[in-house]
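Residue strings, one per chain:
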Amino acid sequence: KIEKVLLKFGYAKTKSNRSIKRIIFCFESSSHLATTRFLQGIDNDILEKNEFIFLFNAIKDNFKNLEKIYNKYHPDGIIIATGRSRELEFNISQFNLCNTVLLNCWTNDFKGISILPSDYQSTKKIIKQLLDLKKKNIAVILPQEFTWQSYEDRMSGWRDAHFEKDITISQSLICRPDKNKKFTSESEIGYDELTKLIRKKVKFDAIFAMNDTLAMGCYQAAKEQNLEIAKDFSIIGFDNSLTAINLRPTLSSIQLPIAEMTAKSIQHIFDDKNYDENYKVYVECKLVERNSI
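The structure presented is a predicted model; accordingly, all values stated were derived computationally and were not measured. (Residues numbered from 1 in each chain as written. Predicted model: local features only at pLDDT ≥ 70, side-chain atom pairs only at ≥ 80, totals over all residues. Heavy atoms only, no water.)

**Observations regarding the pattern of salt bridges**
So the rule is basically this: By salt bridge we mean one thing: a side-chain nitrogen of Lys or Arg within 4 Å of a carboxyl oxygen of Asp or Glu.
As enumerated under the stated definition, the model contains 12 salt bridges in all. Where salt bridges share partners, they join Asp119, Arg154 and Asp239 into one cluster.

**Describing the nonpolar core**
Using the following cut-off: Joining through side-chain atoms within 4.5 Å is the link that ties buried Ala, Val, Leu, Ile, Met, Phe, Trp, Tyr and Cys residues into a set, and such a set is a nonpolar core. Each residue's exposure class comes from its accessible area (1.4 Å probe, protein chains only) as a fraction of the maximum for that residue type: buried when under 20%, exposed when over 50%, partly exposed otherwise. Counting from the N terminus, the helices are the DSSP runs of H or I reaching at least four residues and the strands are the DSSP runs of E reaching at least two. Here a residue-residue contact requires only that any non-hydrogen atoms of the pair lie within 4.5 Å.
Ranked by size, the top nonpolar core spans 65 residues in total, and within it Phe25, Ile127, Leu194, Ile207, Phe208 and Ile235 carry the most contacts. At 6 residues, helix α8 (residues 212-224) tops the list of elements feeding residues into this core. Sequence-distant contacts of Phe25, defined by excluding residues within four places in its chain, comprise Ile42, Phe52, Ile53, Phe54, Leu55, Ile79, Leu103, Thr262 and Ile266.

**Some remarks on the packing of helix α5 (residues 119-132) against helix α6 (residues 149-164)**
Our working definition: Note on definitions: angles span 0 to 180 degrees between N-to-C directions of axes, and those axes are lines fitted to C-alpha atoms, for helices only across the stretch in contact. Relative orientations are named as follows: roughly parallel for angles under 35 degrees, roughly antiparallel for angles over 145 degrees, roughly perpendicular for angles from 65 to 115 degrees, and oblique for any other angle. In a left-handed crossing the near helix is turned counterclockwise from the far helix by less than a right angle, and in a right-handed crossing that turn is clockwise. When residues are grouped by polarity, Ala, Val, Leu, Ile, Met, Phe, Trp, Tyr, Cys and Pro land in nonpolar, Asp, Glu, Lys and Arg in charged, and all others, Gly among them, in polar.
Between α5 and α6, the least distance of the axes is 7 Å, while the angle of their chain directions is 40 degrees. As far as their axial angle goes, α6 and α5 are oblique. Judged by the sense of rotation from one axis to the other, the crossing of α5 with α6 is right-handed. Listed contacts from α6 to Asp119, Tyr120, Thr123, Lys124, Ile127, Lys128 and Leu131 of α5 are Ser150, Asp153, Arg154, Ser156, Gly157, Trp158, Asp160, Ala161, His162 and Glu164. The residue makeup of the contact of α5 with α6, split by class, is 5 nonpolar, 5 polar and 7 charged.

**Some remarks on the packing of aromatic side chains**
Heads up, the condition is: Two rings from Phe, Tyr or Trp (for Trp, the six-membered ring) form a pair when their centres are within 6.5 Å of each other. A pair whose planes differ by under 30 degrees is stacked, one over 60 is edge-to-face, and the rest are tilted.
Counting across every chain of the model gives 12 aromatic pairs. When the centroid spacing of 6.4 Å and the interplanar angle of 10 degrees are considered together, the rings of Phe146 and Tyr151 count as stacked. We classify Tyr151 as buried; its relative accessible area is 7%. Taking the centre distance of 5.5 Å and the plane angle of 70 degrees together, the rings of Tyr275 and Tyr279 count as edge-to-face. Since its relative accessible area comes to 35%, Tyr279 is described here as partly exposed. These aromatic residues form a ring-pair network of at least three members: Phe25, Phe27, Phe38, Phe52, Phe54 and Phe56.

Okay, here's the thing in structure tokens:
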């Protein structure tokens, strides 16, 4: 319906004002929460003074779809954003019709800017802060599907924080769910893994859950075992989702800097520079500290 209206009224870029940019946002497989965070990074003044076209799931790892989009809308720039950090599965280097920025995704053959969250460095920094608080036994709870690059980076950050603080890691603190077991949710994984730690009498004074849903399961297990967060142990999650603020006590969680990443992406579109190399720009993920530490 929208496209019919555009055709009816001859929608075209204003030629009299060269400062106006037409920017296409391609959101791939984004949840409503992720999409909201991307939109929060667009300044109202920029939104009002330029032309934005938002397309959802329009690329689907298909290079030819980019050409179709360009030929239809003739934008000044295209931003490809993915709901989770991942590598695109097509050769985007073939597309050079307009300025293109990759947001929360990357591909190794791309000559341009990719804006990514600094999962590794940020996790390492925050785990070091916990270690400085005398939390020497920090258990890490992993999801069942450990194929995402973000999870690998978070795990590496947890491990290297201990290494740089010269602290030996006990393998009993690495909680990996049974790959063959069917879980109803990631919350159930968190519940099971914390229950196992307690039953095995593994000493821990903090929990790092790879996401907030895993952390939610830990809350239930702690309650059943008569442990009090954060008196008996601290816990932090990752994503700073709605789950974090609805738990009691409220969950300290690492925030993915989606809005900041979006703002940087738009700025690179306005800079309109051509790059001969693959540049990855990493944005810090900050801990939103609440009552679980």
